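# Survey of secondary and tertiary structure
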Amino acid sequence: MSDGSRYHSAVIFVRDIEAAKRFYTEVMGMEIDLDFGTNVGLKGGLTLWQVDPRHIIPARLGSNPLATPRANLFELYFETGDIGAAFTRVKSAGMDFLHELHEEPWGQRTTRFFDPDRHLIEIGEALDAMARRMRAEGMTAEQIARKSSLPLKQIHEMLGG
């Protein structure tokens, strides 16, 4: 894609993050790459997410999106260094949005929409782009690490030292 968007990972919405972590690590033999509590990235490109009921996804899909059989139990996640350009491209394609540009509690800007078969697609601001934007907005590396829950060392690497 011309704005730098690329497929990143599949996200599976789960009811119980601890049970899901046990299943994917103990039964399926996957390894945890990043663990943010209710959002766990596994090596190989699968993410498990126990969505907070106050998050924008259940707010737009209904209070319990896991209760009904065709309830968008997963999303395909893409990342981009230019979320504005990606959003403009999707908007101009006339896609049906779950939500337009939105800042997540950890600072990442995202947009979510449905593909032609009503699968949920997310495009998120790449974490290094998020860190650079936050720095440009006046945040220190320590503030970015606190807000994003990313390790300070990783923030420094993202910011170029």
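Residues numbered from 1 in each chain as written. Predicted model: local features only at pLDDT ≥ 70, side-chain atom pairs only at ≥ 80, totals over all residues. Heavy atoms only, no water.

In this section: the side chain of T111. Secondary-structure assignment places T111 in strand 7 (residues 109-114). We classify T111 as buried; its relative accessible area is 0%. From its side chain, T111 meets the backbone oxygen of H99 in a polar contact 3.0 Å long. The contacts of T111, once residues within four sequence positions are left out, are F87, F97, H99, E100, L101, I121, E122 and I123. (Helix = DSSP H or I, 4+ residues; strand = E, 2+ residues; numbered from the N terminus. Buried < 20%, exposed > 50% of the residue type's maximum accessible area, 1.4 Å probe, protein only. Polar contact = N/O pair within 3.5 Å; in protein donor to acceptor, adjacent residues only side chain to side chain. Contact = heavy atoms within 4.5 Å.)

Let us look at a nonpolar patch on the surface. A cluster of nonpolar side chains, namely F23, V27 and M28, defines an oily patch on the protein surface of about 300 Å² accessible area. Tracing the chain through its elements places M28 in the loop between helix 1 (17-27) and strand 2 (32-35). (Patch = residues over 30% accessible without salt bridge, like charges linked within 9 Å, V, L, I, M, F, W, Y side chains within 5 Å. Areas by Shrake-Rupley, 256 points an atom, 1.4 Å probe, with all protein chains shown as cover. Salt bridge = Lys/Arg side-chain N within 4 Å of Asp/Glu carboxyl O.)

Bringing helix 4 (residues 127-136) into the picture now. Among the residues of helix 4, those classed as buried are A129, M130, A131, R133 and M134. Lining the buried residues of helix 4 we find strand 6 (96-103), strand 7, strand 8 (120-125), helix 5 (141-148) and helix 6 (152-158). Once helix 4 finishes, G138 follows within two positions and takes phi at roughly 105 degrees, a positive value.

Next up on the list: the pairing of strand 2. Examined bridge by bridge, strand 2 and strand 3 (residues 39-42) share three bridges and lie antiparallel to one another. When the sheet's bridge partners are listed, I32 is paired in strand 3 with L42. Hairpin connection between strand 2 and strand 3: a loop of three residues separates the two successive antiparallel strands, and G37 in this loop has a positive phi of roughly 90 degrees. (Pairing = 2+ DSSP bridges.)

Glancing now at the packing of aromatic side chains. Evaluation of the coordinates by the stated rule reveals six aromatic pairs. With a centroid separation of 5.4 Å and 80 degrees between ring planes, the pair formed by Y7 and F78 is classed as edge-to-face. A residue pair is termed long-range when its members are at least 10 positions apart, and Y7 in strand 1 (residues 6-13) and F78 in strand 5 (residues 74-80) qualify at 71 residues. Accessibility expressed as a relative area gives 18% for F78, which makes it buried. Note on F23 and Y24: the rings are 4.9 Å apart at their centroids and 90 degrees apart in plane angle, and the pair reads as edge-to-face. Since its relative accessible area comes to 17%, Y24 is described here as buried. Members of the aromatic cluster, each reached through a chain of ring pairs, are F13, W49 and W106. (Phe/Tyr/Trp six-rings, centres within 6.5 Å; stacked < 30°, edge-to-face > 60°.)

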